[in-house]
Structures are given as structure tokens and as C-alpha cells.
Amino acid sequence: MAVLIAVVTVAVAAGLDSASLLPPLASAQGVIIDWLFGLHLKVIAFLFALVMVFMLYSIVVFRRKAGESGDGAHIHGNTTLEIIWTVVPVLIVAYFGYLGVVTLRDVTAAGPDEMVVKVTGSQWSWKFEYPRQGLTSSELVLPVNRDVRFDITSIDVIHSFWVPEFRVKQDAVPGAVNPLRVTTTVVGEYKVRCAEICGLVHAGMLAPVRVLPRADFDAWVAAEIDRLAALETPAARGAQLYETQGCKACHSLDGSVLVGPSWQNLFGSQEPLADGSSVTVDEDYIRNSILKPGEQLVEGFNNLMPATYEDMLTEADVEDIIAFMQSLQD
Ligand SMILES: [Cu+2]
């Protein structure tokens, strides 16, 4: 039996190992997590072998043979065995509990000189702010071999910030700021996913991640600062807000209908409203639609636009967005 269990354990463990269940690893925190994951798989392989070998062995060897009709032997209890199968699993579970605590301590430990990125989730997009660099971006760009602390929050419902290649994950909760620490180790392109179901476009709540060599990261920061400084026209600033404030998740510019109406040729058109009336799309209507989204619902759409923009956008921002919309006429 012991030999059979050992053989099946090794075979199952090798099978699970070769199934490459995890994406490539790109953070220092992930090293210990992957080790722990591998250890779990080995224990799982052993438990699977233990149950299956005993069960199949019993079915084959102890089945009723031709001519047998009596009952099997009646066995009542075995104290030694019961003590063993209680104590051994308790020790194993306690050991895994200890490993969990140690791992959590290691992956949440602060680095000596952390770069801070503020992450804000909203239905259904991510915003990244770099306080030290003075930047806001809808894509997450990071230097390689750097300790990064993400300060994560949400403006509406609970989201969860997750880059599978970094292995770690953190909830984005409205009203709270949750830290998450990642030391980047591999140059590459990844994706932020939302790991907490958060409504209609939850599955589309993605943002690109680029981990760059140090010099390329510095060049990106310089180029972004120049680009933002060069946003001289209100329409160009409005286009930037469309990206960074999440409007993009629900409003297209090419006429396709997403969660909300497209902005293509919207300005100046007649918009039918849910209450049966219609309205000319002018500055006042747009301002009201942004600040009080529930008041004038567009016909055929649900009241799904966040009501938080009143607090997040300045009057100048709203004007820039209006200018951007005006520029979207054919
Ligand atoms: Cu989400």
C-alpha cells in the first residue's frame, strides 16, 4: 500500500506540476507564494493518492467472491489509529497556518524606498496617480526592480486590484485606502483585472500594465509630463479627462453603444429622454447630465452613470469635457 500511495502521489504531483496552472511570475513577493502553491499541490497529490489507493485497493481485493454469502468481520474502533489520524492532520494544518502567517508578513513588508502609486477603481475603469511625478494615467507604467506601494481605493462599489503575474491582490473599497506592495522583477506587459464582481462590465474592467527598464520609465514620465503640459486646448484636456476619469468605459466616440450613449455627433443633436420629452444637447444639458446623471435619463438607457462626478470634476474640467464633445462632430 505504502509503495502504491508513494507512486500515485509522485505521478499526480508531476501531472499537476506540468499543467502550469499559474501565469509567468513577475514580482519578488510571488516567489514565496509560488513555493507555497507548489507545496499545497504536493499535499493535495498525497491526499488524493491516500483516498484513491485505499478505495480502489479495497474494491478490488476485498470484493465478495463467488460462493461467499456471510457478513464481513465486525470491527469496532481503533484508538491508536484514531489518535494518529487526528494528531497528524492537526500538526499539518498548524504548520500551514504558520507558513501562511510568515508569508503574509513577508509579502506585506514595506521596502526602504517605496514608489507610491494611487489606484482608484470605478465602474468600470482604473485610474493611476503618481504623486511624486505629478502624473495621472489610465495605464499602469512601472520601473523594473523597484519596490512599489499601491494605495488602493474606489469611488463607487467594491473592486479588487489584481495583476495575476504579481500574484498579490487587494480590495478597492470606497472610503478606505488599502495598501498593496509589489517589487517588480521582470520587464513585460501585463493586465490589471478586477477580481470582485462589480456590475455589468466587471469583466471588461482591465487596464494595461507595462514594467519598463529604469531609463525607459524615466523617459515615459518625462514624455507624459511634456504631453500633459502641451494639452493647451480645452478639447485636448477634455480628451485626457475622458480617458482618466473613466468616461471611456461607458461612452464610445465612434457611434457604438456601450453602457451609455456614444458621444459621436452628440453635441447639438436632439436627444429623446426616458420621460417622453426631448432635449437639444447643449452645454447646460451636458453639464446637468454629468453632475446629476439621474435627472434627465436618455431614452433606452438605465441610470447607471456614477453620481460621483460632482465631487470629482471641477467646473473647468466640465467645460473641457464639453469642448471635447463639441470637437466630436463629423
Ligand atoms: Cu470592478
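Residues numbered from 1 in each chain as written. Predicted model: local features only at pLDDT ≥ 70, side-chain atom pairs only at ≥ 80, totals over all residues.

Colleague: Which parts of the structure should I look at to understand the overall build of the protein?
Modeller: Each helix and strand in the protein was counted, giving eight helices and twelve strands. A globule of 330 residues ought to have a C-alpha radius of gyration of about 20 Å, yet the protein, at 29 Å, is considerably larger. By its C-alpha atoms, the protein is 90 × 55 × 30 Å across when sized along the principal axes. In the protein, once contacts between residues fewer than 6 apart in sequence are set aside, the share between residues at least 24 apart is 68%. (Helix = DSSP H or I, 4+ residues; strand = E, 2+ residues; numbered from the N terminus. Rg over C-alpha atoms; globule rule 2.2 N^0.38 Å. Contact = placed C-beta atoms within 7 Å.)

Colleague: Mind showing me how you'd approach the sheet that holds strand 3 (residues 135-137) here?
Modeller: What holds strands together in a sheet is hydrogen bonding between their backbones, with the strands either parallel or antiparallel. Taking strand neighbours across the sheet as the criterion, the five strands line up as 3-2-1-5-8 in an open arrangement whose pairing is mixed. One side of each edge strand has no neighbouring strand; the edge strands of this open sheet are strand 3 and strand 8 (178-183). Neighbour to neighbour, the strand axes of the sheet diverge by 25 degrees on average, direction disregarded. Two strands pair when backbone bridges link them, and strand 1 (residues 115-122) and strand 5 (residues 147-154) are joined in this way by seven bridges, in the parallel orientation. Bridging from a neighbouring strand, Gly121 pairs with Ser154 of strand 5. (Pairing = 2+ DSSP bridges. Axes fitted to C-alpha atoms, helices over the stretch in contact; angles between N-to-C directions.)

Colleague: So what exactly am I meant to see when it comes to the sheet that holds strand 4 (residues 140-143) here?
Modeller: Strand order across the open sheet formed by five strands is 4-10-9-6-7, with mixed pairing between neighbours. Whereas interior strands pair on both sides, the edge strands pair on one side only; in this sheet they are strand 4 and strand 7 (169-172). This sheet shows a mean twist of 25 degrees between the axes of neighbouring strands, independent of strand direction. As judged from the two bridges shared by strand 6 (residues 159-162) and strand 9 (residues 188-194), these two strands associate in the antiparallel manner.

Colleague: When you look at the nonpolar core in this model, what are you seeing that I'm missing?
Modeller: Nonpolar side chains in soluble globular proteins tend to end up buried together. Ranked by size, the top nonpolar core spans 22 residues in total, and within it Val119, Leu140, Phe150, Ile152, Phe161, Val192 and Val209 carry the most contacts. Looking at this core, the elements with two or more residues in it are strand 1, strand 2 (125-130), strand 4, strand 5, strand 8, strand 9 and strand 10 (207-212). Excluding residues within four positions of it along the chain, Leu140 makes contact with Phe128, Val192, Ala207 and Val209. Listed in part, the 17 residues of the second largest apolar core include Cys194, Cys247, Ile321 and Phe324. (Core = buried A, V, L, I, M, F, W, Y, C linked by C-beta atoms within 7 Å. Buried ≥ 20, exposed ≤ 12 C-beta atoms within 10 Å, placed from the backbone.)

Colleague: Can you walk me through the environment of Ala45 in this structure?
Modeller: When you line up the elements, Ala45 lands in helix 2 (residues 29-61). With 269 residues separating them along the chain, Ala45 and Thr314 place their C-alpha atoms 58 Å apart.

Colleague: I'm lost on the domain arrangement of the protein in this one. Help?
Modeller: You'll often see interface size given as the accessible area lost when the parts meet. The assigned domain composition of the protein is domain 1 (2-56 + 85-108), domain 2 (115-229) and domain 3 (234-326). Using only C-alpha atoms to locate each centre, domain 1 and domain 3 end up separated by 52 Å. (Domains from an automatic or database assignment.)

Colleague: Quick question: what am I supposed to make of the packing of helix 5 (residues 234-244) against helix 8 (residues 315-326) here?
Modeller: Describing two packed helices takes the angle between their axes plus the distance from one axis to the other. It is the contact of helix 5 with helix 8, at a shortest axis distance of 7 Å, that shows an interaxial angle of 100 degrees. With respect to their mutual orientation, helix 5 and helix 8 come out roughly perpendicular. Together, Pro234, Ala235, Arg237, Gly238, Ala239, Leu241 and Tyr242 of helix 5 and Asp317, Glu319, Asp320, Ile321, Ala323 and Phe324 of helix 8 make up the contact between the two elements. Considering only residue class, the contact of helix 5 with helix 8 consists of eight nonpolar, one polar and four charged. (Parallel < 35°, antiparallel > 145°, perpendicular 65-115°, else oblique. Nonpolar A, V, L, I, M, F, W, Y, C, P; charged D, E, K, R; others polar.)

Colleague: Even after reading the chapter, I still don't get the pairing of strand 1, so can you show me in this structure?
Modeller: Sheet faces and side chains relate simply in a regular strand, where the side chains alternate between the two faces. Sheet analysis places strand 1 next to strand 2, joined by five bridges and oriented antiparallel. The residue of strand 2 that forms the bridge with Val119 is Phe128. The hairpin turn running from strand 1 into strand 2, its antiparallel successor, is two residues long.

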